[in-house]
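Structure at a glance
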Amino acid sequence: MSFLVEENPAAHRFEILVDGALAGFTAYLPRGEVRVFTHTEVRPEYQDMGVGAALVRATLDQVREQDGRVVPQCPFVRAFIGRHPEYADLVVMPV
C-alpha cells in the first residue's frame, strides 16, 4: 500500500491518496503562515489502517518544510500532536 499526501490549496486541505485513490483529507483555514486545522476525515474502507496518522504526519512535515505553524482545532490533529511531541513546536495559539 503506497501513501501520497498532497496539499490542495484551492480546497484548503491536504489529501491522502492510497494506491492512487483519495482515501481522506484534513481541512484547514489559512491564516497567513498559520493553518487552522478544523476537520480530518478518512473514508470508511481506509479506517484502522494507519491512513489518518500517515495523513497528519505528512501534513505536519509539509507545514514544517514551509516554515508554517498550526492551530489544531480538529480533535484528530490535536490528539496526534499530543502523542507525537516532536510536532508541538508547530502549534500556536488561535489567531
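Residues numbered from 1 in each chain as written. Predicted model: local features only at pLDDT ≥ 70, side-chain atom pairs only at ≥ 80, totals over all residues. Heavy atoms only, no water.

1. Examining the nonpolar core
Grouped together as the largest cluster of nonpolar side chains are 22 residues, with contacts concentrated most on Phe14, Ile16, Phe37, Val51, Leu60 and Val70. Here this core gets six residues from one element, more than from any other, and that element is helix α1 (residues 51–65). (Core = buried A, V, L, I, M, F, W, Y, C linked by side-chain atoms within 4.5 Å. Buried < 20%, exposed > 50% of the residue type's maximum accessible area, 1.4 Å probe, protein only. Helix = DSSP H or I, 4+ residues; strand = E, 2+ residues; numbered from the N terminus.)

2. Looking at the pattern of salt bridges
In total, this model carries five salt bridges according to the counting rule given. A salt bridge links Glu7 to Arg35, with the nearest nitrogen and oxygen atoms 3.3 Å apart. Taken together, the residues span a long stretch of sequence, with Glu7 in strand β1 (residues 3–8) and Arg35 in strand β4 (residues 34–42) at a distance of 28 residues. Overall, Glu7 belongs to the partly exposed group, its relative accessible area being 25%. Accessibility expressed as a relative area gives 11% for Arg35, which makes it buried. When the shortest N-O distance is used, the salt bridge between Glu86 and Arg57 registers 3.9 Å. Of this pair, Glu86 sits in the segment after α2 (75–83) while Arg57 is found in helix α1, placing the two residues 29 residues apart along the sequence. Its relative accessible area of 43% is what places Glu86 among the partly exposed residues. (Salt bridge = Lys/Arg side-chain N within 4 Å of Asp/Glu carboxyl O.)

3. Description of the side chain of Thr26
Locating Thr26 in the fold gives a position in strand β3 (residues 21–31). Sequence-distant contacts of Thr26, that is, excluding residues within four places in its chain, are made with His12, Arg13, Phe14, Phe37, His39, Thr40, Leu55, Thr59 and Val77. (Contact = heavy atoms within 4.5 Å.)

4. A closer look at the sheet that holds strand β5 (residues 69–72)
Taken in spatial order, the five strands make up an open sheet running β1-β2-β3-β4-β5, and their pairing is mixed. Only two strands of the sheet have a single neighbouring strand rather than two, namely β1 and β5. Recorded for the sheet is a direction-independent mean angle of 30° between the axes of neighbouring strands. Note that β3 and β4 share eight bridges and pair antiparallel. Across the sheet, residue Pro30 finds its bridge partner in β4, namely Arg35. Against the sheet, α2 touches β3, β4 and β5, its axis set at about 115° to β5. (Pairing = 2+ DSSP bridges. Axes fitted to C-alpha atoms, helices over the stretch in contact; angles between N-to-C directions.)

5. Some details on the packing of aromatic side chains
Applying the stated rule across the entire model yields four aromatic pairs. Note on Phe14 and Phe37: the rings are 6.3 Å apart at their centroids and 35° apart in plane angle, and the pair reads as tilted. A residue pair is termed long-range when its members are at least 10 positions apart, and Phe14 in strand β2 (residues 13–18) and Phe37 in strand β4 qualify at 23 residues. For the pair shown, Phe14 and Phe37 are each scored as buried. Residues Phe80 and Tyr87 carry aromatic rings whose centres are separated by 5.9 Å and whose planes lie at 45° to one another, so their mutual orientation is tilted. Grouping residues by exposure puts Phe80 and Tyr87 together as buried. Taken together, the ring pairs in this structure connect Phe14, Tyr28 and Phe37 into an aromatic cluster. Between the NZ or CZ atom of Arg13 and the centre of the ring of Phe25, over which it lies, the distance is 4.3 Å. Directly above the aromatic system of Tyr28 lies the positively charged group of Arg35, at a separation of 5.3 Å from the ring centroid. (Phe/Tyr/Trp six-rings, centres within 6.5 Å; stacked < 30°, edge-to-face > 60°. Lys NZ or Arg CZ within 6 Å of the ring centre and 35° of its normal.)

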